[in-house]
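One-letter residues, chain by chain:
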Amino acid sequence: MSDSSPVRPVVPVLDVWCELQCPDCRGALDDIRALRARYGDRLEVRLRHFPLEKHKHAFAAAQAAEEAAEQGRVWEYIEAVLGRVEELDRQGESFLVEVAGELGLDAEEFDTALIDGRHILIVDADQAEGKAIGVTGTPTYVVDGERLDGGKSQEGLRERIEEIVDRLLAGNA
């Protein structure tokens, strides 16, 4: 018996190593939006957490982003928090819950998630994997095994990502 189901092409994955208290990651949002708009469901863009020690609310923000993912609105949440990173600096975890409420998410569940730590293992695993592959700052992109560091400069990175993704998509055709 043969399987006659069509073989679906492999969708390229772009891992975005980010932290939500990082001004450089806020600067990368335009590139991420453009990539998501250009490729739609032909490119999987995944948030990967890499909270930096110098940002004291970054670890909590990563956990909150995971709660936003649980509630189905991760990219909206990421953009809202990064767009107001100065408020996160000043207000800390209460700001993370406030943003959830503003977006119509279950803010009480965010508060509970930050208290009970239900997403800590995901954040820890991302950070460990990032360190293992040589991530040292944010934003860092990994596509098709190639690491592109955007922490020093974003210049030319979106074009390089597009080249790699276009090549991968052409190989799937």
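Report follows, based on the coordinates. In this text the structure is predicted, and so the values were computed from the model without any measurement. (Residues numbered from 1 in each chain as written. Predicted model: local features only at pLDDT ≥ 70, side-chain atom pairs only at ≥ 80, totals over all residues. Heavy atoms only, no water.)

The next point concerns the overall build of the protein chain. If you tally the helices and strands in the protein chain, you get 8 helices and 4 strands. Ordered by position from the N terminus, the helices and strands of the protein chain form the series β-α-β-α-α-α-α-α-α-β-β-α. Here the C-alpha atoms of the protein chain give a radius of gyration of 17 Å, agreeing with the 16 Å that 2.2 N^0.38 yields for 173 residues. Seen through its C-alpha atoms, the protein chain measures out along the principal axes to roughly 55 × 45 × 30 Å. Within the protein chain, buried positions represent 46% of all 173 residues. With an accessible surface of roughly 9,100 Å², the protein chain has 49% of that area assigned to carbon and sulfur atoms. For the protein chain, the distance from the average position of its 20 positive side-chain charges to the average position of its 36 negative side-chain charges is 4 Å. (Helix = DSSP H or I, 4+ residues; strand = E, 2+ residues; numbered from the N terminus. Rg over C-alpha atoms; globule rule 2.2 N^0.38 Å. Buried < 20%, exposed > 50% of the residue type's maximum accessible area, 1.4 Å probe, protein only. Areas by Shrake-Rupley, 256 points an atom, 1.4 Å probe, with all protein chains shown as cover. Lys, Arg positive; Asp, Glu negative; His and termini not counted. Charge placed at Lys NZ, Arg CZ, Asp CG, Glu CD.)

A surface patch of negative charge is lined by Glu93, Asp106, Glu108 and Asp111. Relative accessible area serves as the criterion here: at 40%, Asp106 is assigned to the partly exposed category. (Patch = residues over 30% accessible without salt bridge, like charges linked within 9 Å, V, L, I, M, F, W, Y side chains within 5 Å. Salt bridge = Lys/Arg side-chain N within 4 Å of Asp/Glu carboxyl O.)

With that out of the way, let us pick up the sheet that holds strand β4 (residues 146–149). Strand order across the open sheet formed by 4 strands is β2-β1-β3-β4, with mixed pairing between neighbours. With partners counted over all chains shown, the strands left at the sheet margins are β2 (44–49) and β4, one partner each. Sheet twist, expressed as the average angle between the axes of neighbouring strands with direction ignored, equals 20 degrees. Pairing of strand β3 (residues 140–143) with β4 involves 4 bridges; the strand directions are antiparallel. Bridged to Val142 within β4 is Arg147. The strands touched by helix α7 (residues 120–132) are β1 (13–18) and β2; relative to β2, the strand with the most contacts, the crossing angle is about 95 degrees. Sheet contacts for helix α8 (residues 157–172): β1, β3 and β4; angle to β4, the most-contacted strand, approximately 165 degrees. (Pairing = 2+ DSSP bridges. Axes fitted to C-alpha atoms, helices over the stretch in contact; angles between N-to-C directions. Contact = heavy atoms within 4.5 Å.)

It is worth spelling out the side chain of Gln63 at this point. Tracing the backbone shows Gln63 in helix α2 (residues 58–70). Look at Gln63 and you get buried, because its relative accessible area is 6%. Non-local contacts of Gln63, meaning those with residues more than four positions away in its chain, are made with Ala113, Leu114, Gly117, His119, Ile120 and Val123.

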